[in-house]
Amino acid sequence: MNATIKRIAINVGFGYSPGLNTVISGAVLAANELGWEVVGIRDGFEGLLFRDRYPDRGLVLLTPELVETLDPSSNILGTAVRNDPFHVRIINAESLVEEVDRSDHLLKTLQAEGIDAVISVVGTQGLSILYKLHRKGLNTICIPRSVENDIATTALSFGFNSTLSFVTELLDRAKQAAQSARQVGVVEVLGEHSGWLALQAGIAVCADAVLIPEIPYDLQKVATKLQDKFRTGRSHGLVIVAEGALSVDKEAVVASANPLKASLSPLATDYQGSHVIQRSGHAAQTVALQLQRLINQETYPLVLGDWVKGGAPTAVDRQLGLSYGAGAVRALHAGQTGVMVNFQPPNLSFVPLMEAINKIRIVPADSEFVQIARSLGICLGG
Amino acid sequence: MTNSSTNQTGLVLNIQHFCTHDGPGIRTTVFLKGCSLRCKWCSNPESIHPKPELAYNISKCIGKKQCGLCLKPPCSEGAFYVLEGEDDRIRINWDLASDCGQDCVDLCPTGALYLFGQAMTVEQVLDEVEQDSSFYRESGGGMTLSGGECQLQPDFSAALLQEAHQRGFNTAIETAFNVPWSHVEKVLPHVDVVLHDHKLTDPERHKKWCGVDNRQILANMKRAYETFPDKTFIARTPLIPGVNDDEDHIRSVLAFIRPYHNVIDYELLPYHRFGESKYGFLGRVYELKDFTSPLPESVQRLRSIIDEAFGRSSPLEQTHELKP
Ligand code: SF4
Ligand code: SF4
């Protein structure tokens, strides 16, 4: 299909992460080299689903000159509240609210605009929606974006590195606060199903304990670790807990967080692109309360919620964003469609969307990071 | 009643027996599926979509090793899956499972997969309602249609209500009135008591919290009060802190209803969070907002405003809880 490509579009699925403009720039610059025109769709697919709401009819022409002026930390296109053309909520002519399938309409609009393919920067749920659109005939390349680095197949999702850096910086501050208060700070970080963020940031700040969803925790072990340190004169502690961390003791789970999560798809996301309805704080609270019973020091919970996804991208994410953007164009040029760009250092490759969805990239028990943490004396609770 | 109207089918979510808050006496409440609002506090998310819909209770799944039936055709590729690791229970990709229905549910031996919503005829519904008839006679109760929005299925609702009347039951509906007037005209002639929601007075705020403004709703209410002077109307407000638990709202509802003598009462239903897990069963995480319950003192204060308007000296004993 590459011979026929003249014009492509790019959009960003719901949720955010640092440095989305770098992905957009990467795609625009690479497409320009091939003589392709690139337009951006505003707010996910909403720019094309509700064209009347936008002065520019929902499409932005993205030229190399324009992208040169973009601030790498922001996102010129915006994101959708939910990026799902199959269930578009509308108010019909009778003032009734209903959800309608606008996917056909979307595909027709793309065709009428002469758009030959769409590059989408999406999280886990966005991948499924793009896969559905691909089954209906859309030429699409997806770019994985996840601040939790939980998208399967790719080694590094876009946005993770920046969030990791920011969380590390905040944990340093939390540690100082714990030190001066002579207490144990229990800090919850994002990670409903995979503990990469907690584990890697926990290693970076040499936390006393890191609790992740992949390793059910026994708080007695954490308590013993902390008491050992207190015996040597230490009076503070830092425990990192991923929001999806679970106790080995099933009864110890905070009841109210449970029924909602029970039957959810692990990949279901809320309107901000987080994994479940806003429930943040439960993990930190549970651990802080229960840990306090087992040790002499006081504990306090702290939550680093969704807002850590904001801010400026790191050098790694800037490079990665440009590479993912350019990689998506390379995929189209090579005649690929219905694939996700996959980064397995040092290579960029492409995997069919079906292989990327319905999986979560979790921390394996024998992961190098797990071993590093253990050898640094960081308690993993199990 | 003709056979053709008792054969009429509608989409029923649930029939609940021995209800005491949905009209006079002991009642049987028939919940119809489909709603034309999207209230952010809705405790019945399963009643919103006007089609049968797949739900999943993971605690009933026996896993891929023991069963795994839903992982094969006819279930569509990618709709059901298992994650790596010990837990081999099914997970649902709700975006790919949107076409799954009866076929998938029938496969599941444990009932982990099930459907919300069932097509029923007027006769089937009434036969079930009839089982409680002795209680109605003693308590002055009857049948209540609720939802969702029961007036979204106007022909079915009208036929149900008419048949209930024929069988000698008192009839009531719970409605938000966000339907075309032509629906109201069909349904209301067969209703004795109309319990109707005044959720928010300001049109823009109504749109923000319920998905659409309330112009059609208010016009319908006014017209209903005027067109059906012999019907009993009871206004209600589900009281949600920070949304509509203010005096202004209560007073404007009172100003709206007091000129009409057939609106005999105005009830406040303090919000209580329940139904949360059902959002999970439907895979719909992003809709429910985390509301708290109103404080008893503020409910009491607002109720006394209503009592005053209705010329009641002592506060009415109202212990109702929100049943959308
Ligand atoms: S058919 Fe039902 S019990 Fe069997 S694996 Fe699927 S969900 Fe589980
Ligand atoms: S009107 Fe009732 S059923 Fe409909 S969305 Fe609102 S609360 Fe839910």
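Residues numbered from 1 in each chain as written. Chains lettered and ligands numbered in written order. Predicted model: local features only at pLDDT ≥ 70, side-chain atom pairs only at ≥ 80, totals over all residues. Heavy atoms only, no water.

S.K.: Go over the overall build of chain A, please, and point to the residues and values.
M.R.: A count of helical and extended segments in chain A gives 13 helices and 13 strands. The C-alpha radius of gyration of chain A comes to 22 Å, within 12% of the 21 Å expected for a compact globule of 382 residues. Within chain A, the proportion of its 382 residues that are buried is 60%. Within chain A, residue pairs in contact and separated by at least 24 positions form 74% of the contacts whose partners lie at least 6 positions apart. Summed over its atoms, the accessible surface of chain A is roughly 14700 Å², and 51% of this surface lies on carbon and sulfur atoms. Taking the 32 positively charged and 37 negatively charged side chains of chain A as two groups, their mean positions are separated by 3 Å. (Helix = DSSP H or I, 4+ residues; strand = E, 2+ residues; numbered from the N terminus. Rg over C-alpha atoms; globule rule 2.2 N^0.38 Å. Buried < 20%, exposed > 50% of the residue type's maximum accessible area, 1.4 Å probe, protein only. Contact = heavy atoms within 4.5 Å. Areas by Shrake-Rupley, 256 points an atom, 1.4 Å probe, with all protein chains shown as cover. Lys, Arg positive; Asp, Glu negative; His and termini not counted. Charge placed at Lys NZ, Arg CZ, Asp CG, Glu CD.)

S.K.: Mind laying out the overall build of chain B, listing which residues take part and the relevant values?
M.R.: Summing up its helical and strand segments, chain B has 11 helices and 12 strands in all. Relative to its length of 324 residues, chain B is compact, with a C-alpha radius of gyration of 21 Å against a globular reference of 20 Å. Structurally, chain B occupies a C-alpha span of about 65 × 50 × 35 Å along its principal axes. Here chain B holds 324 residues, and 58% of them are scored as buried. Here the contacts in chain B between residues at least 6 apart in sequence split such that 72% fall between residues at least 24 apart. When the accessible surface of chain B is summed, it comes to about 13500 Å², and 49% of that surface belongs to carbon and sulfur atoms. If the 33 positive side-chain charges of chain B are averaged to one point and the 44 negative ones to another, these points end up 3 Å apart.

S.K.: Which residues make up the domain arrangement of chain A, and what values do they have?
M.R.: On domain assignment, one finds that chain A holds domain 1 (7-158 + 313-345) and domain 2 (163-309 + 365-375). Placing the centre of domain 1 of chain A and that of domain 2 of chain A at their C-alpha centroids yields a distance of 33 Å. (Domains from an automatic or database assignment.)

S.K.: I'd like a rundown of the site of ligand 2, residues and numbers included.
M.R.: Around ligand 2 lies a shell of nine residues, among which C35, L37, C39, C42 and K199 of chain B are the nearest. Class assignment for the residues of the shell around ligand 2 results in five nonpolar, two polar and two charged. (Near = heavy atom within 4 Å. Nonpolar A, V, L, I, M, F, W, Y, C, P; charged D, E, K, R; others polar.)

S.K.: Describe the packing of helix α8 (residues 219-231) of chain A against helix α10 (residues 282-294) of chain A, listing the residues and the values that go with them.
M.R.: A pair of packed helices is characterised by two quantities: the angle between their axes and the separation of those axes. Residues and elements named next belong to chain A. Running from N to C, α8 and α10 cross one another at 60°; their axes reach a closest spacing of 9 Å. As the angle between them shows, α8 and α10 are arranged oblique. Our pair here, α8 against α10, has a crossing hand that is right-handed. Contacts between α8 and α10 involve L219, Q220, V222, A223, L226 and Q227 on the former and, on the latter, V287, Q290, L291 and L294. A class-by-class count of the residues in the contact of α8 with α10 yields seven nonpolar, three polar and no charged. (Axes fitted to C-alpha atoms, helices over the stretch in contact; angles between N-to-C directions. Parallel < 35°, antiparallel > 145°, perpendicular 65-115°, else oblique. Left-handed = near helix turned anticlockwise from the far one by under 90°.)

S.K.: Can you tell me about the confidence of the model for chain A, naming the residues and giving the values?
M.R.: For chain A, the mean per-residue pLDDT works out to 90, and 91% of the residues sit at or above 70. Ignoring residues within four places in sequence, the model shows residues 254-263 of chain A, a span with pLDDT below 50, making 25 contacts including any to other chains. (pLDDT = per-residue confidence, 0-100.)

S.K.: Which residues make up the packing of helix α6 (residues 160-181) of chain A against helix α7 (residues 196-204) of chain A, and what values do they have?
M.R.: Residues and elements named next belong to chain A. Where α6 meets α7, the axes come as close as 9 Å, and the angle between the chain directions of the two elements is 50°. Comparing their axes, α7 and α6 come out oblique. Crossing of α6 against α7: the hand is right-handed. Note on element contacts: α7 touches α6 through W196, L197, Q200, A201, G202 and A204, opposite F160, T163, L164, V167, T168 and L171.

S.K.: Quick rundown of the site of ligand 1? Include the residues and the values.
M.R.: Taken together, Y56, C61, I62, G63, C67, G68, C70, I90, C108, P109, T110 and L113 of chain B are the residues near ligand 1. Its residues assigned to classes, the shell around ligand 1 shows nine nonpolar, three polar and no charged.

S.K.: So what about the pairing of strand β12 (residues 263-270) of chain B? Which residues, and what values?
M.R.: All names here are of chain B. The buried fraction of β12 amounts to seven of the eight residues, a majority that puts the element mostly inside the structure. As paired strands, strand β11 (residues 232-239) and β12 are joined by seven bridges and run parallel to one another. Pairing of L239 across the sheet is with P270, part of β12. Read from β11 through helix α9 (residues 247-257) to β12, the crossover connection turns out right-handed. (Pairing = 2+ DSSP bridges. Right-handed = clockwise from strand over helix to strand, strands pointing away.)

S.K.: An account of the nonpolar core is requested, with residue identities and associated values reported.
M.R.: With 67 residues, the main nonpolar core has W41, L188, I257 and Y266 of chain B as its most contacted residues. Counting 66 residues, the second largest nonpolar core, distinct from the first, contains I8, L77, I143 and I203 of chain A. (Core = buried A, V, L, I, M, F, W, Y, C linked by side-chain atoms within 4.5 Å.)

S.K.: So what's going on with the environment of R284 of chain B? Which residues, and what values?
M.R.: Residues and elements named next belong to chain B. Residue placement: R284 occurs in the loop between α10 (276-281) and α11 (296-309). Placed 275 residues apart in sequence, R284 and T9 show a C-alpha to C-alpha distance of 28 Å. Those residues in contact with R284, other than ones at most four positions away along the chain, are P45, H49, E53 and Y279.

S.K.: I'd like to hear about the sheet that holds strand β8 (residues 184-189) of chain A, residue by residue, with values.
M.R.: Residues and elements named next belong to chain A. The strand order across the open sheet built from four strands is β9-β10-β8-β11, with neighbouring strands paired in parallel fashion. Only two strands of the sheet have a single neighbouring strand rather than two, namely β9 (209-211) and β11 (299-303). Neighbouring strand axes in the sheet, compared pairwise and without regard to direction, differ in orientation by 20° on average. Bridge count for β8 against β11 is five bridges, and the pairing is parallel.

S.K.: Account for the packing of aromatic side chains, naming residues and giving values.
M.R.: This model, assessed by the stated rule, comprises seven aromatic pairs over all chains. Ring geometry for F166 of chain A and W307 of chain A: centres 6.3 Å apart, planes at 80°, overall edge-to-face. Of this pair, F166 of chain A sits in helix α6 while W307 of chain A sits in the loop between β11 and α11 (315-333); the two residues are 141 residues apart in sequence, bridging distant segments of the chain. Classification of F166 of chain A by relative accessible area gives partly exposed; the value is 27%. Both rings, one in Y225 of chain B and one in F233 of chain B, keep their centres 5.1 Å apart while their planes meet at 80°; by these two values the pair is edge-to-face. A residue is classified by how much of its surface remains accessible, and Y225 of chain B, at 2% relative accessible area, is buried. Residue F233 of chain B is classed as buried on the basis of its relative accessible area of 0%. (Phe/Tyr/Trp six-rings, centres within 6.5 Å; stacked < 30°, edge-to-face > 60°.)

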